[in-house]
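Now for the letters of each chain:
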Amino acid sequence: NLRIENLEKVDVLNMNNNYIKVLKSFTFKNTKKIGLLDLTFNNMIDIEYNAFYSLEFDLRSLNLSYNNFEKVKWYYFQKLNGLTILILSYNKIS
């Protein structure tokens, strides 16, 4: 399981082209201050509940373009109170 933990001074995290099919719960546990997260080109199909735990207030921009999402579930972004930019282009959302 992918875990990104205890990053305290990273503002931009680029994780594109890593073949992350499912973003698991608590992937970013104890990680704060990430303002921009790029998860493009990962063939991602799902995001588990609480995957963005610890990023609720600091994450401002999330790029999920060029993945394989067919639908977007409400809980993906429910707790991301600081999110102002969400990019979902080039998915299979119907």
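Scroll up to find the structure this text is about.
Residues numbered from 1 in each chain as written. Predicted model: local features only at pLDDT ≥ 70, side-chain atom pairs only at ≥ 80, totals over all residues. Heavy atoms only, no water.

1. Some points on unusual backbone geometry
The line we're drawing: A run of H or I in DSSP counts as a helix once it spans at least four residues, and a run of E counts as a strand once it spans at least two, with each numbered from the N terminus. The rule is simple: take the accessible area with a 1.4 Å probe, protein chains only, and divide by the maximum for that residue type; under 20% is buried, over 50% is exposed, in between is partly exposed.
Despite not being glycine, N17 shows a phi value in the positive range, around 60°. Following the sequence through the fold, N17 ends up in the loop between β1 (12–14) and β2 (22–23). Phi is positive for Y19, close to 55°, though the residue is something other than glycine. Tracing the backbone shows Y19 in the loop between β1 and β2. Among the residues examined, Y19 registers a relative accessible area of 63% and is labelled exposed.

2. Quick notes on the side chain of N50
Filter applied, for reference: The contact definition used throughout considers only heavy atoms, calling two residues in contact when any of these lie within 4.5 Å.
With respect to the element layout, N50 can be found in the loop between β4 (46–47) and β5 (61–63). Of the residues examined, N50 reaches a relative accessible area of 18% and is grouped as buried. Setting aside its immediate chain neighbours within four residues, N50 contacts S25, F26 and K79.

3. A look at the pattern of salt bridges
Note the cut-off: Think of a salt bridge as a Lys or Arg side-chain nitrogen and an Asp or Glu carboxyl oxygen that are within 4 Å of each other.
Applying the stated criterion across every chain, the model contains three salt bridges. Between D11 and R60 there is a salt bridge, and its shortest N-O distance comes to 3.6 Å. Of this pair, D11 sits in the segment before β1 while R60 is found in the loop between β4 and β5, placing the two residues 49 residues apart along the sequence. A residue is classified by how much of its surface remains accessible, and D11, at 37% relative accessible area, is partly exposed. Note on R60: relative accessible area 41%, which makes it partly exposed.

These figures capture arrangement, not role.
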